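An overview of the molecular structure
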Amino acid sequence: MLLYKLWRSFVKEILLLKRDIGGIVIIFVMPLLLIITITLIQDSTFKNLEGSKIPIIFIDNDKSEISKNIKHELENGKTFELVTNYNEKSAQKAVFSGDYQMAIVIPENLTKDLNANIDSKVQTIVSSFGIEADAASAKKNVDIKAKDIHLYFDPATNIGFKNNVMNAVNKMVFEIENKKIYKAFQDQLGTTENLDENKNLISFKEITPTKGKMDIIPNSVQHNVPAWALFAIFFIVVPLSINLVKEKSQGTSVRVRVSPTPYYIHILGKTCTYLIICIIQFLLMVAVGVYLFPYMNLPQFDVTGKMFHLIIVTIFAGLAAIGFGVLLGTLADTQEQSAPFGATSVVVLAAVGGIWVPVFLMPEFMQTVAKFSPMNWGLNAYYDIILRNSGIAGIAKELVLLFLFYIAMVTISIFYERKQNAV
Amino acid sequence: MENIIEIKNLYKKYKHAEEFSVNDISLNINQNEIYGILGPNGAGKTTLISMLSGLIKPTSGTFKINGLSPQKDGFKLRQIIGIVPQEYALYPTLTAKENLMFFGSLYGLPHKKLKIAIDESLELMGLSKFADKKVEQFSGGMKRRCNLIAGTLHNPKVLFLDEPTVGVDVQSKKAIIDYLLDLNKKGTCIIYTSHHLSEAEEFCTKIAIIDHGKIHAVGTPEELVNRVASAENLEDVFISLTGKELRDVVV
């Protein structure tokens, strides 16, 4: 009999959804828009797509070897488009007013002073070994101050972008300095051997996880699809809580409460319905990743041999989201309470859960908080499967936590409902 | 005749309220009765019905319905009572039939039996041809009738009605009253609140007039009218017992 009641409750929920075409469009289409937009944006951050160069101001007051080298490197990097018709003052104004993201100003005599500085230091070193310095190149020890390359950033520039540019310029200058030092030693020692040839004596080799004989190489799609799918799944909190609040305002919940059907059957009916929505949402997002992304110049979302595991995670993540929605809908009295609180709390959970900023980059306190976020459990489970090649055993802990979260939320809701209404 | 409802010293005081909404009410209601609970706004009618139907918890006191205590026999009790709330309490985007299928199933009625009960009730209420129309398209009277069917599909032993005819036209009111009389004939005890005193006078077999949470008079409509010397009808009795003072209530 309870199964029959559950079935009727499920049918009722499906009918309610079916009659709300606008709601269905929002539930299914918005997550797809979200995932496409975020992936396109994030992918272009790492990949230099044709026509997406960032215009920056480059002012060359040196007009010599080093500035030409830096200019060449920047132009060859394909990230920036150099704008050169500015002086330092007008460039500063243009950048600080937000017309350009940044300006690079190469100081006057940079090449000349750097050469003199290096020659002087190399000469000193060579002399200390008792080797007579080349008469032609013997120069007086000169006291030359370090030169500053001025970087101007738009105050609204993203910190990550700023740090990346500064690191890139630093690396460029460091390599040029290295070359110069090698060259100075060559000149002093009179050797013809090219000392600069093996400049990278140490290099990095990334070892990635493997599946069979294939490397699993992460890309923005492998990161974004599960992360934003999870975010979208948790947004089920909003329509579900509104559904529960509406039942209170319409008075239909009164009939449920006075009937001999336990409240949990009512909740289970909603759980089944919204769980199906979560799974469909996820499948649609996966379909976009697999079939649409390649047409959008994005990497294909690779789910080969992982679909079953991914759906399992989706079911448990969906349960956690539904549990939260049920609690919110039970506690809230009006849609004005449940909708904004639901949306905001999902954004907070996503932030805490590491959807936007990886957990390891968070402050220690927030890393501890993240451990209690259901979105973090879900995200870890997805990453374990997609990027770390785990099986069900590897994600069992996360699945249990997500399920316990659902049970806890629903139990609190039932307890609260009983406390409020029981005779 | 056997009492189907026995209420003993029932009190209800809401949180932060200064006064009791229901203040020491004791009542016995017979089976097959159509019992009117009348009173001005804020008298405690809805609170009393809400307690009896299990929607809110009494502050103190006890009651039994058909010998069942709400604390001990909650499940059995909910099976034999029906409630028709003042608001429509229907899903607007579902059809009348879909609404009734859902609410009927909450009482565990088998699918076939439920379908028959729905068809019969819709026919009785003149809603058969609108069975597959969404409730949001219904007029106020149609919604009231559908609301009534939703609370009675399981043939409850006791039916609580909170102003079932408010805001409906004469035809709908007649259909509702006829439907309720038919139910009563089949053995359902009806507990009814209303502001329509003439309707109550015609419809109820017994009436309790309550005010400030207390019962001021109980009897058949005739007994009540006879009890007040100058009264010609129930309205005169009502005014004489509850006064002419306006009852504006802020909940």
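These numbers come from a predicted model, not from an experiment.

1. With respect to the overall build of chain B
- A count of helical and extended segments in chain B gives 9 helices and 9 strands.
- A principal-axis box enclosing the C-alpha atoms of chain B has dimensions of 50 × 40 × 40 Å.
- Sorting the 251 residues of chain B into buried and exposed places 49% on the buried side.
- The long-range share in chain B, meaning contacts at least 24 apart out of those at least 6 apart in sequence, stands at 71%.

2. Some details on the sheet that holds strand S1 (residues 54–60) of chain A
Residues and elements named next belong to chain A.
- Across the sheet, which stays open at both edges, the 4 strands sit in the order S2-S1-S3-S4 with mixed pairing between neighbours. Strands with a single pairing partner mark the edges of an open sheet, and in this sheet they are strand S2 (80–83) and strand S4 (150–153). Between one strand axis and the next, the sheet turns by 25° as a mean value, whatever way the strands run.

3. Some thoughts on the confidence of the model for chain B
All names here are of chain B.
- Within chain B, residue pLDDT values average 88, and 97% of them lie at 70 or more.
- Predicted confidence in chain B is weakest over helix H9 (residues 234–242), with a mean pLDDT of 79, and strongest over helix H3 (residues 96–105), with 94.
- Across the interfaces of the predicted complex, the ipTM metric reaches 0.86, alongside a pTM of 0.77.

4. A word on the environment of Glu247 of chain A
All names here are of chain A.
- Tracing the chain through its elements places Glu247 in helix H8 (residues 237–250).
- In this structure, the C-alpha to C-alpha distance between Glu247 and Phe234, residues 13 residues apart in sequence, is 21 Å.
- In contact with Glu247, not counting residues within four places along its chain, are Thr252 and Ser253.

5. Digging into the interface of chain A and chain B
- Counting residues at the interface gives 23 residues for chain A and 30 residues for chain B.
- Of all the secondary structure elements, the ones that give two or more residues to the side of chain A that touches chain B are helix H1 (2–18) and helix H9 (252–258) of chain A.
- Here the side of chain A that touches chain B is composed, by residue class, of 10 nonpolar, 6 polar and 7 charged.

6. Some thoughts on the packing of helix H5 (residues 140–152) of chain B against helix H6 (residues 170–185) of chain B
Residue and element names in this part refer to chain B.
- Interhelical geometry of H5 versus H6 gives an angle of 15° and a closest axis separation of 9 Å. With respect to each other, H5 and H6 are oriented roughly parallel. In the packing of H5 onto H6, the handedness of the crossing is right-handed. Counting all contacts with H5, which are made through Gly141, Arg144, Arg145, Leu148 and Thr152, the residues of H6 involved are Ser172, Ala175, Ile176, Tyr179 and Leu183.
- For the contact of H5 with H6, the residue count by class is 5 nonpolar, 3 polar and 2 charged.

7. A word on the domain arrangement of chain A
- With domains assigned, chain A is organised as domain 1 (2–45 + 212–421) and domain 2 (52–189).
- Computed over C-alpha atoms, the centres of domain 1 of chain A and domain 2 of chain A are 51 Å apart.

8. Overview of the packing of helix H5 (residues 110–128) of chain A against helix H6 (residues 159–189) of chain A
Residues and elements named next belong to chain A.
- Relative orientation of the contacting elements H5 and H6 amounts to 50°, with a least axis distance of 9 Å. In terms of orientation, H5 and H6 fall into the oblique class. For the element pair H5 and H6, the recorded crossing hand is right-handed. When H5 is examined against H6, the residues Leu114, Asn115, Ile118, Asp119, Val122, Gln123 and Val126 are found in contact with a partner set consisting of Lys180, Ile181, Ala184, Phe185 and Gln188.

9. A closer look at the UniProt feature "domain: ABC transporter" (unreviewed entry) in chain B
- In the numbering used here, UniProt assigns the feature "domain: ABC transporter" (unreviewed entry) to residues 5–237 of chain B.
- For residues 5–237 of chain B, the end-to-end C-alpha separation is 25 Å, with 37% helix and 23% strand making up the annotated structure.

10. Examining the nonpolar core
- By size, the foremost hydrophobic cluster in this structure holds 81 residues, and its most contacted members are Cys146, Val158, Phe160, Ile190 and Ile191 of chain B.
- Excluding its chain neighbours within four sequence positions, the residues that come into contact with Cys146 of chain B are Leu90, Ala96, Asn99, Leu127, Val135 and Phe138 of chain B.
- Core analysis: the next-biggest nonpolar cluster, separate from the first, contains 63 residues, Ala229, Ile233, Phe235 and Val410 of chain A among them.

11. Examining the sheet that holds strand S9 (residues 214–219) of chain B
All names here are of chain B.
- The mixed open sheet is built from 6 strands, whose spatial order is S5-S6-S7-S3-S8-S9. Every other strand in the sheet has two partners, leaving strand S5 (81–84) and S9 as the edge strands with one partner each. Each strand of the sheet is rotated relative to its neighbour by a mean of 15°, with strand direction disregarded.
- Bridge count for strand S3 (residues 34–38) against strand S8 (residues 206–211) is 4 bridges, and the pairing is parallel. The residue bridging Tyr35 from the neighbouring strand is Lys206, located in S8.
- With respect to the sheet, H5 is in contact with S5 and strand S6 (158–162), its orientation differing from that of S5 by roughly 165°.

12. Looking at H6 of chain B
- With 16 residues, H6 of chain B extends 22 Å between its outermost C-alpha atoms, agreeing within 8% with the 22 Å of an ideal straight helix rising 1.5 Å per residue.
- The elements touched by buried residues of H6 of chain B are H5, S6 and strand S7 (189–193) of chain B.

13. Let's talk about unusual backbone geometry
- We note that Asn109 of chain A has phi near 60°; this positive angle belongs to a residue other than glycine.
- Residue placement: Asn109 of chain A occurs in the loop between strand S3 (102–106) and H5.
- Of the residues examined, Asn109 of chain A has 15 C-beta atoms within 10 Å and is grouped as partly exposed.
- Its identity is not glycine, yet Asn155 of chain B carries a phi of approximately 50°, on the positive side.
- Within the secondary structure, Asn155 of chain B sits in the loop between H5 and S6.
- Under the C-beta neighbour-count criterion, Asn155 of chain B is labelled partly exposed, with 15 such atoms within 10 Å.

14. Thoughts on the domain arrangement of chain B
- Parsing chain B into structural domains produces domain 1 (27–56 + 75–195) and domain 2 (214–243).
- Domain 1 of chain B and domain 2 of chain B are separated by 28 Å when their C-alpha centres are compared.

15. A short note on the confidence of the model for chain A
- In the predicted model, chain A carries a mean pLDDT of 84, and 87% of its residues have values of at least 70.
- Taken element by element, chain A is modelled with least confidence in strand S6 (residues 214–215) of chain A, mean pLDDT 62, and with most confidence in helix H11 (residues 307–331) of chain A, mean pLDDT 95.

Rules used throughout
Residues numbered from 1 in each chain as written. Chains lettered and ligands numbered in written order. Predicted model: local features only at pLDDT ≥ 70, side-chain atom pairs only at ≥ 80, totals over all residues. Helix = DSSP H or I, 4+ residues; strand = E, 2+ residues; numbered from the N terminus. Buried ≥ 20, exposed ≤ 12 C-beta atoms within 10 Å, placed from the backbone. Contact = placed C-beta atoms within 7 Å. Pairing = 2+ DSSP bridges. Axes fitted to C-alpha atoms, helices over the stretch in contact; angles between N-to-C directions. pLDDT = per-residue confidence, 0-100. Nonpolar A, V, L, I, M, F, W, Y, C, P; charged D, E, K, R; others polar. Parallel < 35°, antiparallel > 145°, perpendicular 65-115°, else oblique. Left-handed = near helix turned anticlockwise from the far one by under 90°. Domains from an automatic or database assignment. UniProt positions renumbered as here; feature names shortened; annotations may be inferred. Core = buried A, V, L, I, M, F, W, Y, C linked by C-beta atoms within 7 Å. Expected span 1.5 Å × (residues − 1).

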